[in-house]
Amino acid sequence: MTALLVHQAAELPEPPGAHEPPEAPGAAPERPARAVVMTMGALHEGHAALVRAARAEVGPHGQVVVTVFVNPLQFGPGEDLDRYPRTLDADVLLAGKEGADVVYAPSADEVYPGGEPHVRVSAGPMGERLEGAFRPGHFDGMLTVVAKLLHLTRPDVALYGQKDAQQLALITRMVRDLNFPVRILGVPTVREPDGLALSSRNVYLSAPERRTALALSRALFAAREAAGAAGTPREALAAAESVLHDAGALTPPLELDYAALVDPADFTPVTDAVPRPPQGPDGTPRQDGAAREAVLAVAAKVGTTRLIDNIRLTFGGAR
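In this text the structure is predicted, and so the values were computed from the model without any measurement.

Asker: Would you mind showing me how to read the overall build of the protein chain here?
Answerer: Helix and strand content of the protein chain: 8 helices and 9 strands. Within the protein chain, contacts between residues at least 6 apart in sequence are counted, and of these 72% link residues at least 24 apart. Carbon and sulfur atoms provide 55% of the accessible area of the protein chain, an area that totals close to 15500 Å².

Asker: It is not clear to me how the environment of Arg292 should be interpreted in this structure. Could you clarify?
Answerer: For Arg292, the position within the fold is in strand S8 (residues 292-302). Residues Arg292 and Asp263 lie 29 residues apart in sequence; the distance between their C-alpha atoms is 9.6 Å.

Asker: In this structure, what is going on with empty space enclosed by the protein? I would like to understand it.
Answerer: If a probe as big as a water molecule is rolled over the atoms, it shows which places are left empty. In this structure the tally under the stated criterion is 1 cavity of 30 Å³ or more. Each pocket or cavity is described by its volume, and for the largest cavity that value is around 50 Å³. As for the largest cavity, its lining consists of Lys163, Leu196, Ala197, Ser199, Asn202, Leu216, Leu307, Ile308 and Asp309. Ranked by residues supplied to the lining of the largest cavity, first place goes to strand S9 (residues 305-315) with 3 residues. Across the lining of the largest cavity, the residue classes break down as 5 nonpolar, 2 polar and 2 charged.

Asker: For this particular structure, what's the right way to read the packing of aromatic side chains?
Answerer: How two aromatic rings sit relative to each other is set out by the distance from centre to centre and by the angle between their planes. According to the stated counting rule, one finds 3 aromatic pairs in the structure shown. Look at Phe134 and Tyr258: their rings are 5.7 Å apart centre to centre, the planes differ by 45°, and that puts the pair in the tilted class. Placement of the pair is Phe134 in helix H4 (residues 131-134) and Tyr258 in strand S7 (residues 254-262), with a sequence separation of 124 residues. Owing to a relative accessible area of 41%, Phe134 belongs among the partly exposed residues under this scheme.

Asker: Explain the sheet that holds S8 here, please?
Answerer: Across the sheet, which stays open at both edges, the 3 strands sit in the order S7-S8-S9 with antiparallel pairing between neighbours. If you trace the sheet from one side to the other, it starts and ends with S7 and S9, each paired once. In this sheet, adjacent strand axes meet at a mean angle of 15° when their direction is disregarded. Here S7 runs beside S8; their pairing, made up of 8 bridges, is antiparallel. Within S8, the position partnered with Leu254 by the bridge is Val302.

Asker: Just checking my understanding: could you explain the packing of helix H7 (residues 207-228) against helix H8 (residues 233-247) for this structure?
Answerer: Packed helix pairs are specified by the crossing angle of their axes together with the interaxial distance, meaning the distance between the axes. Contact geometry for H7 and H8: axes closest at 7 Å, N-to-C directions at 160°. Compared by their axis directions, H7 and H8 come out roughly antiparallel. Considering how the two elements wind past one another, H7 and H8 form a crossing that is right-handed. When H7 is examined against H8, the residues Thr212, Ala215, Leu216, Arg218, Ala219, Ala222, Ala223, Ala226 and Ala227 are found in contact with a partner set consisting of Glu235, Ala236, Ala239, Ala240, Val243, Leu244 and Ala247. Here the residues of the contact of H7 with H8 sort into 13 nonpolar, 1 polar and 2 charged.

Asker: Explain the sheet that holds strand S1 (residues 4-6) here, please?
Answerer: Note: strands within a sheet are paired through backbone hydrogen bonds, in either parallel or antiparallel orientation. Taken together, the 6 strands give an open sheet; going across it, the order is S1-S4-S3-S2-S5-S6, and neighbouring strands pair in parallel fashion. Each of the sheet's edge strands pairs with one partner strand only, and the pair in question is S1 and strand S6 (183-187). Adjacent strand axes in the sheet meet at a mean angle of 25°, parallel and antiparallel pairs treated alike. Those strands touched by helix H5 (residues 138-153) are strand S2 (34-39), strand S3 (63-68), strand S4 (102-104) and strand S5 (157-161), and its axis lies near 145° from that of S2.

Asker: Looking at this structure, how should I read the packing of H5 against helix H6 (residues 165-177)?
Answerer: Running from N to C, H5 and H6 point in directions that differ by 55°, and their axes come no closer than 11 Å. One way to sum up the angle between H5 and H6 is to call them oblique. Remark: the crossing between H5 and H6 carries right-handed chirality. Packed against H5, whose contacting residues are Phe139, Met142, Leu143, Val146, Ala147 and Leu150, the element H6 presents Gln166, Gln167, Leu170, Ile171, Met174 and Val175 at the interface. Split into classes, the residues belonging to the contact of H5 with H6 amount to 10 nonpolar, 2 polar and no charged.

Asker: What is the right way to look at the pairing of S9 in this model?
Answerer: Consecutive side chains of a regular strand alternate in pointing toward one face of the sheet and then the other. Bridge count for S8 against S9 is 11 bridges, and the pairing is antiparallel. By the bridge assignment for S9, Arg292 is matched with Phe315. Taken together, S8 and the strand that follows it, S9, pair antiparallel across an intervening segment of 2 residues, in which Gly303 is found at a positive phi of about 65°.

Asker: Quick question: what am I supposed to make of the nonpolar core here?
Answerer: As a rule of thumb, soluble globular proteins bury nonpolar side chains together. In terms of nonpolar packing, the biggest core is built from 43 residues, with Val146, Leu150 and Tyr160 touching the most fellow members. Only S2, S4, H5, S5, H6, S7 and S8 provide two or more residues apiece to this core. Among the elements that make up this core, the one with the highest residue count is H5 (8 residues). Formed by 28 residues, the second largest nonpolar core is a distinct cluster that contains Leu214, Ala227, Val270 and Val298.

Asker: Explanation requested: H7 in the structure shown.
Answerer: Every α-helical turn comprises 3.6 residues, leaving residues that sit three or four positions apart pointing alike. Taking 1.5 Å of rise per residue, the 22 residues of H7 would be expected to cover 32 Å, and the 32 Å separating its terminal C-alpha atoms lies within 8% of that figure. Among the residues of H7, those classed as buried are Glu209, Thr212, Ala213, Leu214, Ala215, Leu216, Ser217, Ala219, Leu220, Ala223, Ala226 and Ala227. The inward-facing, buried residues of H7 abut H8, S7, S8 and S9. Two residues or fewer after H7 comes Ala230, characterised by a positive phi angle close to 65°.

Rules of the game
- Residues numbered from 1 in each chain as written.
- Predicted model: local features only at pLDDT ≥ 70, side-chain atom pairs only at ≥ 80, totals over all residues.
- Heavy atoms only, no water.
- Helix = DSSP H or I, 4+ residues; strand = E, 2+ residues; numbered from the N terminus.
- Contact = heavy atoms within 4.5 Å.
- Areas by Shrake-Rupley, 256 points an atom, 1.4 Å probe, with all protein chains shown as cover.
- 1 Å grid on protein atoms, 1.4 Å probe; cavity = no way out; pocket = protein on both sides within 12 Å on 5 of 7 lines; lining within 4 Å.
- Points joined across faces, edges and corners; volume = space filled by probe spheres on them.
- Nonpolar A, V, L, I, M, F, W, Y, C, P; charged D, E, K, R; others polar.
- Phe/Tyr/Trp six-rings, centres within 6.5 Å; stacked < 30°, edge-to-face > 60°.
- Buried < 20%, exposed > 50% of the residue type's maximum accessible area, 1.4 Å probe, protein only.
- Pairing = 2+ DSSP bridges.
- Axes fitted to C-alpha atoms, helices over the stretch in contact; angles between N-to-C directions.
- Parallel < 35°, antiparallel > 145°, perpendicular 65-115°, else oblique.
- Left-handed = near helix turned anticlockwise from the far one by under 90°.
- Core = buried A, V, L, I, M, F, W, Y, C linked by side-chain atoms within 4.5 Å.
- Expected span 1.5 Å × (residues − 1).

Honestly, that's just the spatial picture; any functional story needs more than this.
Encoded structure:
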């Protein structure tokens, strides 16, 4: 299918059933009418998986909107805002091929009329951890644009990749804390055959840099193996750190920013104390079994390119 390209929210077609009366009491719930996938463009197979998941959510008669906006608020001084890939024509083709109805590519003036906003969303303490510590203000800028795009597109469901685990956790928390009328879904990370997590920034990597970057996924898989062998959180983290330490001696070297085992709910550190239970859809801990989840998050620079990755690990309980 061919996606319609629009640059203003006023041009977005109404989703199916927008003016239909509400369901009768006791009726089977309807599929969501509109799903949105937010991107900064330079779409790849990871984004394609998000679009396909969005189409599955709304069904053949629902509407899938892909947003393309390189948000200046989430780039700090010296980051790659100016050189971030911009491939709108190709993005529209890929989005349509994977099932999107509309690509909404607003200008900065559309999103931020009158310039940068004076009032922004604060990410709070979670936004100051890990990525937030290395990129001050990044998550405030991210949440601000997500909030604005949710208002502009008015979706029933919004889908985000689990590769950006801290971002997904913060968006989920914002929507819950601020009563946004939207459901948030995380979609599993898509990887290259060699294990590298798909990212628009992968195009910056030379062949030697890419070989070094593979240490990120190798470290995560080593931790998963340790956790699967009934290892403790400390042992799983040590397995990852060993791989990352060795990668620091490669040419070019891996320059590690962090490798941290954290609680998926708030990104506080996990120790050998058993992590909290996985959360249910309403944010309350599940009580079904003794298994506990944690996120192992890593970030590093290879050459001039900074990459992030993560994996969910389970400790205790039946595997």
